[in-house]
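Residues per chain, in single letters:
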Amino acid sequence: MNAREVAAAATARLKAAGLADAQFEAEVLAREAAGISRAAYFAGAVLDGPARERLSAWVARREQREPLAYITGYREFYGRRFAVGPGALIPRPETELLVEVTLREIRQGGTRAVLEVGTGTGAVAVSIAAEEPNARVIATEVSREALRYARLNAAAHAPQVQLVLGDLAAGVRRADVVVANLPYIPSGEIDALEPEVSRWEPRVALDGGDDGLSLIRALIADCARRLRPRLLALEVGFGQAAAVAALGEAEGATASVMNDLAGIERVVCLRWG
């Protein structure tokens, strides 16, 4: 059977499991299982027995709502392929805005050291360093499991990134720019999220405390009172931008907000001095 015929059967299984993008995901899984390009897929490449067995096993995992990225082992981010798996938050497209903000700051001049707090797979820090190899980029992460993926990704794309195991910015003495996509989901809302998130992604990468802002609040305070970066850029959840901006202003910062491609207020920029 060719790849498209096998993928059609996989699509039916994924649709029955309630997946909205069943056809697209079946195609991705079929191509990955066979190790073929998209062009070969549409040209009628044949899936041999081992590839069909691999695909069937992967579809079974997806039927249990395991994230597609955990099954394939990667996620595309800012034009690069990043290794990802259980124990690490899957990079989201909207987080690319943090990379854009930081690159703009670097290119305007005066930025020598960039710190990403809570790097996860390293997608943001590694993307920044890969785009601007002369910048000094440090990234911290509290999870050893996530840091394992960050090391793989740094080795693949930007080996000059300095990765540090530690809580927030505690192990860093100075930075010109600090960026962070910290956990911002209120504790009581996590179980109501889609199963791919609530059942599979690490809670430590999701749980922002009672109001979702516990770690964000702590980082703002640390930046205001100790690090004093020129810019702190924070990714926030839907409806949180005004509250986060107010936290920064209470610590003497000037706040501005940037929208993502969906028009959602996604990144709060805080500046001191």
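Above this text you will find the structure in question.
Note that this is a predicted model, so its numbers are computed, not measured.

Thresholds, definitions, all that
Residues numbered from 1 in each chain as written. Predicted model: local features only at pLDDT ≥ 70, side-chain atom pairs only at ≥ 80, totals over all residues. Heavy atoms only, no water. Helix = DSSP H or I, 4+ residues; strand = E, 2+ residues; numbered from the N terminus. Expected span 1.5 Å × (residues − 1). Buried < 20%, exposed > 50% of the residue type's maximum accessible area, 1.4 Å probe, protein only. Contact = heavy atoms within 4.5 Å. 1 Å grid on protein atoms, 1.4 Å probe; cavity = no way out; pocket = protein on both sides within 12 Å on 5 of 7 lines; lining within 4 Å. Points joined across faces, edges and corners; volume = space filled by probe spheres on them. Nonpolar A, V, L, I, M, F, W, Y, C, P; charged D, E, K, R; others polar.

> Can you walk me through helix H2 (residues 22-34) in this structure?
Counting along an α-helix, one turn takes 3.6 residues, and residues three or four places apart therefore face a common direction. For H2, built from 13 residues, the straight-helix expectation of 18 Å at 1.5 Å per residue is met to within 8% by its first-to-last C-alpha distance of 18 Å. Listed as buried for H2 are Ala22, Glu25, Ala26, Glu27, Val28, Leu29, Ala30, Arg31 and Ala33. Gly35 sits one or two positions beyond H2 and adopts a positive phi of about 70°.

> What's the story with the side chain of Gln240 in this structure? I'm lost.
Locating Gln240 in the fold gives a position in the loop between strand E7 (231-235) and helix H11 (241-250). A relative accessible area of 11% means that Gln240 is categorised as buried. Once residues lying within four places of it in the same chain are set aside, the contact partners of Gln240 are Tyr184, Asp211, Gly212 and Leu213.

> Hey, could you run me through the layout of surface pockets in this one?
To find leftover empty space, one rolls a probe the size of a water molecule over the atoms. By volume, the largest pocket is sized at about 640 Å³. Lining the largest pocket are 24 residues, with Glu25, Arg62, Leu68, Ala69 and Arg75 sitting closest to its centre. Elements that contribute at least two residues to the lining of the largest pocket include exactly H2, helix H5 (68-72), strand E1 (74-77) and helix H9 (195-200). A total of five residues in the lining of the largest pocket trace back to one element, the largest contributor, which is H2. Looking at the lining of the largest pocket, its residues break down into 10 nonpolar, two polar and 12 charged. Size it by volume and the second largest pocket reaches roughly 400 Å³. For the lining of the second largest pocket, the elements supplying multiple residues, two or more each, are strand E3 (113-117), helix H7 (123-131) and strand E4 (136-141). Each residue belonging to the lining of the second largest pocket can be placed in one class, and the counts come to 16 nonpolar, 11 polar and four charged.

> Which parts of the structure should I look at to understand unusual backbone geometry?
Glycine aside, negative phi is the norm for most residues, and most peptide bonds take the trans geometry. Even without a glycine there, the phi angle at Tyr78 is positive, about 50°. Here Tyr78 lies in the loop between E1 and strand E2 (80-83). At Arg228, a position not held by glycine, the phi torsion is positive, near 50°. The residue Arg228 is located in the loop between helix H10 (214-227) and E7 in this model. Exposure remark for Arg228: the relative accessible area of 46% places this residue in the partly exposed category.

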